[in-house]
Amino acid sequence: MKLAINGGGKTRTTPFPAYNTIGKEEEDAVLRVLRSGKLSTYLGTWHDDFYGGDEVRALEREWAEYSGSKHAISVNSATSGLYCAVGAAGISLGDEVIVSPYTMSASATAALVYGAVPVFADIEEEYYCLDPKSIESKITNRTKAIIVVDIFGQPYDADAINAIAKKHNLIVIEDTAQAPGAKYKDRFAGTLGDIGIFSLNYHKHIHSGEGGVIVTDNDNLADRLRLIRNHAEAVLDARGYKDKNELINMIGFNYRMTEIEAAIAREQLKRLNSLLKPRLENAKYLNEKLSQIPCIKPTKIRKNTTHAFYVHPLIFDQNIAGVERNTFINAVKAELPRTLLRDDSDVLMGCGYVKPLYLQPLYQERIAFGKDGFPFNQSNVKYDKGLCPITESMYFEKLFTNEFIRPPMTKKDLDDVVKAFEKVWENRKKLLTK
Ligand SMILES: *Cc1c(COP(=O)(O)O)cnc(C)c1O
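Right, let's walk through the structure included here. Just so it is clear, the structure is predicted and the values come from calculations on it, not from any experiment.

Definitions and cut-offs
- Residues numbered from 1 in each chain as written.
- Predicted model: local features only at pLDDT ≥ 70, side-chain atom pairs only at ≥ 80, totals over all residues.
- Heavy atoms only, no water.
- Near = heavy atom within 4 Å.
- Polar contact = N/O pair within 3.5 Å; in protein donor to acceptor, adjacent residues only side chain to side chain.
- Areas by Shrake-Rupley, 256 points an atom, 1.4 Å probe, with all protein chains shown as cover.
- Nonpolar A, V, L, I, M, F, W, Y, C, P; charged D, E, K, R; others polar.
- Pairing = 2+ DSSP bridges.
- Helix = DSSP H or I, 4+ residues; strand = E, 2+ residues; numbered from the N terminus.
- Axes fitted to C-alpha atoms, helices over the stretch in contact; angles between N-to-C directions.
- Contact = heavy atoms within 4.5 Å.
- Core = buried A, V, L, I, M, F, W, Y, C linked by side-chain atoms within 4.5 Å.
- Buried < 20%, exposed > 50% of the residue type's maximum accessible area, 1.4 Å probe, protein only.
- Salt bridge = Lys/Arg side-chain N within 4 Å of Asp/Glu carboxyl O.
- Patch = residues over 30% accessible without salt bridge, like charges linked within 9 Å, V, L, I, M, F, W, Y side chains within 5 Å.

The next point concerns the site of the ligand. In the region of the ligand, 14 residues are neighbours, and Thr 79, Asp 175, Ser 199, Asn 201 and Lys 204 sit closest. Separating an oxygen atom of the ligand from a side-chain N or O atom of Ser 199 is a distance of 2.8 Å. Out of a free accessible area of 380 Å², the ligand has 92% covered by protein chains. Residue composition of the shell around the ligand, grouped by class: 4 nonpolar, 8 polar and 2 charged.

As structure tokens, then:
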């Protein structure tokens, strides 16, 4: 059979169904807010409305209850949430924050915004989260925090990393943008460290267009997070503060969520479990089917955890295949149709996830703020190629991801994906290797 990439027919041409989580309930919620005329009632002054309107507060109550956290604080994105978290933690000039290089860029830039530098530790070969051993090797007397990422939906190694943090008196900030509803033992991802951050952007499990929620059990951190969200500096006089230490990092922003977003997010939270269930079943099914192809290794799930499968990562073995990953995956993509509601040509597979963050120009050229390269000019931290070999091997050679696992994809749809992989496997010798 001729491969589609070589001019043959595709395995499937009918587009895959769209992942659309928005329904009647969200529509009603938006109309309720619109008709009230109160699209946001936040005030950046010391007033009851400093903490936002009815929908924002209801979302925060419901999210806290759902996650089992004492406090939930809504923001306008997970990026804002990460920035708030680093600010609330008191991170400052000269500090080092240990972070994964295999994540969305904001997990690391959060440190830079407060004049600290990210120190990249390597990831685990099996689960792609920060490796506790690598973290330990990166700790110095400047280290103040670890930003862990529940990457692809897999909770980080909380017992091991929390123990390291405790030993060295470090704050753990958990970026759980990709793992809502995932569990570590009996606790939800996001509640495993000192501060957890969820995302509600369009590409995540549930969304409000844009948005984020921060959770913490710590009253003092919660207070500081709420201040940074909403013009802290403008209210501290009227609100009062005990000593100068309470003013550290109290330049606030406008990271406020609107009432419409909060109303949508409340409905989305109710849907999370029913959206996760078919996703997990699909991931299990595809994992089993694809790992029967000799050059593909299945995703492993950490003991005592449940995964949320934001995307479904798999490992490609180019030695067994005799062709490079990108060549093989591009051939599979050519066999498959786009998915509705996504970009016109989008076949929901990708190679390597993201380039290790330290290879971005920001770190290679050591320029963030101003012409003198602040804050890198305060530090000797290195960002050379080769820094995190496991991350680099995942990006350059081994790992690929797909989003075919999203409902309403059925087993029949997934069987077409499997057929495309099998066709390319059987005809791999016809692929031109570079
Ligand atoms: C999506 C994502 C973010 C950023 O979320 P926004 O809400 O878009 O700011 C941060 N970290 C990770 C790991 C993400 O996947």
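This is not the end of the story, as more comes after the structure.
Further remarks concern the sheet that holds strand S3 (residues 117–120). Reading across the sheet, the 7 strands line up as S1-S9-S8-S5-S4-S2-S3 and stay open at both edges, with mixed pairing between neighbours. On the outer flanks of this sheet lie strand S1 (71–75) and S3, each paired with one strand and no other. Geometrically, the sheet is characterised by an average inter-axis angle of 25 degrees between neighbouring strands, direction not taken into account. Strand direction decides the pairing type here: S1 and strand S9 (residues 212–216), joined by 5 bridges, are antiparallel. Looking at S9, one finds that Ser 74 is bridged to Val 213. Sheet strands in contact with helix H2 (residues 54–67) are S1, strand S8 (195–199) and S9, and its direction is about 135 degrees off that of S1. Docked against the sheet, helix H3 (residues 78–88) engages S1, strand S4 (143–149), strand S5 (171–175), S8 and S9, running at close to 165 degrees with respect to S8.

In terms of nonpolar packing, the biggest core is built from 75 residues, with Phe 120, Tyr 128, Ile 135, Ile 146 and Tyr 363 touching the most fellow members. For this core, the element with the most residues is H3, which contributes 7 residues. Setting aside residues up to four positions removed in sequence, Ile 146 forms contacts with Ile 98, Leu 130, Ile 135, Ile 161, Ala 165, Leu 170, Ile 171, Val 172 and Ile 173. Membership of the second largest hydrophobic core comes to 34 residues, among which are Ile 293, Cys 295, Leu 348 and Ala 420.

The next subject is the pattern of salt bridges. Side-chain pairs of opposite charge can arise where the charged atoms are in close proximity. A complete count under the given rule lists 29 salt bridges for this structure. Where Lys 24 meets Asp 28, a salt bridge forms, and the shortest distance between an N and an O atom there is 2.8 Å. Placement of both Lys 24 and Asp 28 in helix H1 (residues 24–36) is noted, with a separation of 4 residues, approximately one turn of the helix. Ionic pairing is found between Glu 26 and Arg 271, a salt bridge with its closest N-O pair at 2.6 Å. Of this pair, Glu 26 sits in helix H1 while Arg 271 is found in helix H9 (residues 259–290), placing the two residues 245 residues apart along the sequence. Assessed through its relative accessible area of 22%, Arg 271 is described here as partly exposed. Three or more residues are tied together by salt bridges with common partners; here these are Arg 12, Asp 413, Asp 416 and Lys 419.

Attention now goes to a nonpolar patch on the surface. Taken together, the side chains of Tyr 202, Leu 340 and Leu 341 present a nonpolar region at the surface, about 260 Å² in accessible area. Tracing the backbone shows Tyr 202 in the loop between S8 and S9.

Taken across its 11 residues, helix H7 (residues 219–229) has 8 buried, putting it largely inside the fold. Those residues of H7 that sit buried are Leu 221, Ala 222, Arg 224, Leu 225, Arg 226, Leu 227, Ile 228 and Arg 229. Sitting at the amino-terminal end of H7 is Asn 218, which places a side-chain oxygen 2.9 Å from the backbone nitrogen of Asn 220. After H7 finishes, the residue His 231 shows a positive phi value of roughly 55 degrees.

Let us now look at unusual backbone geometry. With omega at 0 degrees, the peptide bond leading from Phe 374 into Pro 375 counts as cis. Mapped onto the elements, Pro 375 comes out in the loop between helix H12 (361–364) and helix H13 (389–398). For the bond running from Pro 407 to Pro 408, omega is 10 degrees, close enough to zero to count as cis. Relative to the helices and strands, Pro 408 resides in the loop between strand S14 (399–402) and helix H14 (411–426). The backbone of Asn 169 shows a phi angle near 60 degrees, a positive value even though the residue is not glycine. Inspection of the secondary structure puts Asn 169 in the loop between helix H6 (158–168) and S5. Since its relative accessible area comes to 70%, Asn 169 is described here as exposed. With a phi close to 55 degrees, Arg 366 is a non-glycine residue in the positive phi region. When you line up the elements, Arg 366 lands in the loop between H12 and H13.

Everything listed here is a matter of geometry and, on its own, says nothing about what the molecule does.
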